[in-house]
Amino acid sequence: MPELPEVEIVKQSLFKNINNKIIKSVRINNPNLRFKLPCNFSHVLKGAKIKYIKRFSKYIILELDNGFYVVLHLGMSGTIHILKKKVKSIYTNISFYKSPMLPKKHNHVILFFDHIKLFYNDPRRFGFFKIFSNKNALQSFFQNYGPEPFDKSFNIKYLRKKLYKKIKSIKNYLLDQKFVSGIGNIYANEILFFCKINPLKKSGNLTKVDLKNLILFSKIVLKKAIKKGGSSIKNFKNINGKTGSFQNNFKVYDREKLKCLRKNCTGIIKKKIFTNRSIFYCNICQK
DNA sequence: CCGTTAACCTGAGAGC
DNA sequence: TGCTCTCAGGTTAACG
């Protein structure tokens, strides 16, 4: 589920809630996530102070004062919830979408702080934690990833070199984290709409204008999504707390059969399944 | 190396 | 009500 903007929102909330705090204890209800929870997980976290929290791509990185790094990927359905001990009935959901009740059986990992409990909840268990013992190990893990759209290295020269004569569709390249980091299915579709590029277009056939637009609009779309608190599609209930609102700004995603929102375009948004993912596009203005 | 498919999971919603 | 089927914001091993 979460793509770069949603993970950024989660990171910001985590920073407000647990940065500089000490993990008093750890409870593991189910270690069987996408990858089995590292066996030293509790040992590394217990007693450690969270020195800093950052994000790269769709990953949240907790820097601990014992030199270790905890890396978290939310997969498709991972969320984080915080319960303040004093107010037992109210959950502070610092996730990018709101679920009114914590589905208790999917609370796989719980971190206890002084006045706070943090729950990692993940029904589908596609999310995972990794632990790195030092900065080098952390960096070498992220070496396999391409730049984020915000990076200076995500430029014309890079795109030309990577996409030259490639027959794979640009939609699939945008989802390829080795090419560019942080974009998922929603934002790939949205970005291509702004670029007026058909998602199925072969990457080697992109024009210089296409490449320039990709660089420009990937930044614009992701930034706006962050500003709107990310996209919240499911479990949308009106309860106190934060929810993303970028879903109200979707131009193509989840808009099958609706009118194209581009000025003076009479197109209708199409939906197709392509390499196991949905593509949404206007077949008139996206060439 | 390149591109595609299937698999990993659970839950929601549609259709019957 | 309940059954079956499809789909979901991601990643990656395995295959041709």
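Throughout, residues of each chain are indexed from 1 in the direction in which the sequence is written. Throughout, the order in which chains and ligands are written sets their labels, letters from A for the former and numbers from 1 for the latter. Only residues with pLDDT of 70 or above have their local features reported here, since the model is predicted, and side-chain atom pairs are shown and tallied only from 80 upward, although totals for entire chains, interfaces and linings are computed over all residues. In computing side-chain values, all of the structure's heavy atoms are included and hydrogens and water are not.

Draft legend 1. Structural view of the overall build of chain A. On a plain count of helices and strands, chain A comes out with seven helices and 11 strands. Relative to the 2.2 N^0.38 estimate, which gives 19 Å for 287 residues, the radius of gyration of chain A is 20 Å and therefore close to what a compact globule would have. Structurally, chain A occupies a C-alpha span of about 55 × 45 × 30 Å along its principal axes. For every residue, the accessible area obtained with a 1.4 Å probe (protein chains only) is divided by the maximum for its type, and the residue is called buried under 20%, exposed over 50%, and partly exposed between those limits. Within chain A, the proportion of its 287 residues that are buried is 54%. Note on contacts: a residue pair is in contact if any heavy atoms of the two residues lie within 4.5 Å. Of the contacts made within chain A by residues no fewer than 6 positions apart, 65% connect residues no fewer than 24 positions apart. Put simply, DSSP marks the helices as runs of H or I at least four residues long and the strands as runs of E at least two long, and each gets a number from the N terminus on. Throughout, the radius of gyration refers to the C-alpha atoms, and the reference size of a globule is 2.2 Å times the residue count to the power 0.38.

Draft legend 2. Region of the structure containing the pattern of salt bridges. Counted as salt bridges are all cases of a side-chain nitrogen of Lys or Arg within 4 Å of a carboxyl oxygen of Asp or Glu. Summed over the entire model, instances satisfying the criterion amount to six salt bridges. Residue R55 is joined to E148 by a salt bridge in which the shortest nitrogen-to-oxygen separation is 2.9 Å. On the criterion of sequence distance, the pair formed by R55 in strand β2 (residues 50–56) and E148 in the loop between α3 (135–142) and α4 (156–163) is long-range, its members being 93 residues apart. By relative accessible area, E148 is classed as buried at 7%.

Draft legend 3. Quick look at the nonpolar core. Put simply, a nonpolar core is a bunch of buried Ala, Val, Leu, Ile, Met, Phe, Trp, Tyr and Cys residues held in one set by side-chain atoms that sit within 4.5 Å of each other. Among the nonpolar cores identified, the biggest contains 40 residues, and L159, I170, L174, F179, Y187 and L214 are the most heavily contacted of them. Where this core is concerned, the elements lending two or more residues are α1 (4–18), α4, α5 (170–175), α6 (185–195), α7 (208–227) and β11 (277–282). Counting residues per element, this core draws most heavily on α7, which supplies eight residues. The contact partners of L214, leaving out residues within four places of it in the chain, are F154, L159, I170, L174, I191, L192, C195, I197 and L206. In terms of nonpolar packing, the next biggest core, distinct from the first, is built from 30 residues, F41, I50, L64 and F129 among them.

Draft legend 4. Up close: the protein's contact with DNA strand B. The local shell around DNA strand B holds 13 residues, among which K105, H106, R124, R125 and N276 are the closest. By the criterion applied in these results, polar contacts are pairs of N or O atoms within 3.5 Å in which, for protein atoms, one can donate a hydrogen and the other can accept it, and in which residues neighboring in sequence qualify only through two side-chain atoms. At 2.7 Å, a side-chain N or O of R124 approaches a base oxygen of DNA strand B. When its residues are assigned to classes, the surface near DNA strand B shows four nonpolar, four polar and five charged. Residues are classed as near a molecule or strand on a simple rule: at least one heavy atom within 4 Å of it. Residue classes follow a fixed rule: Ala, Val, Leu, Ile, Met, Phe, Trp, Tyr, Cys and Pro count as nonpolar, while Asp, Glu, Lys and Arg count as charged, and any other residue, Gly among them, counts as polar.

Draft legend 5. Region of the structure containing α4. Among all positions of α4, only Y158, L159 and L163 are buried. For α4, the arc enclosing every buried residue in end-on projection is 105°, short of the 170-degree limit, so these residues lie on one face. Facing away from the buried surface of α4 by more than 90 degrees, the exposed residues are K157 and K161. In this structure, the buried residues of α4 make contact with α5 and α7. Summarising the geometry, the arc corresponds to the directions from the helix axis toward the C-beta atoms.

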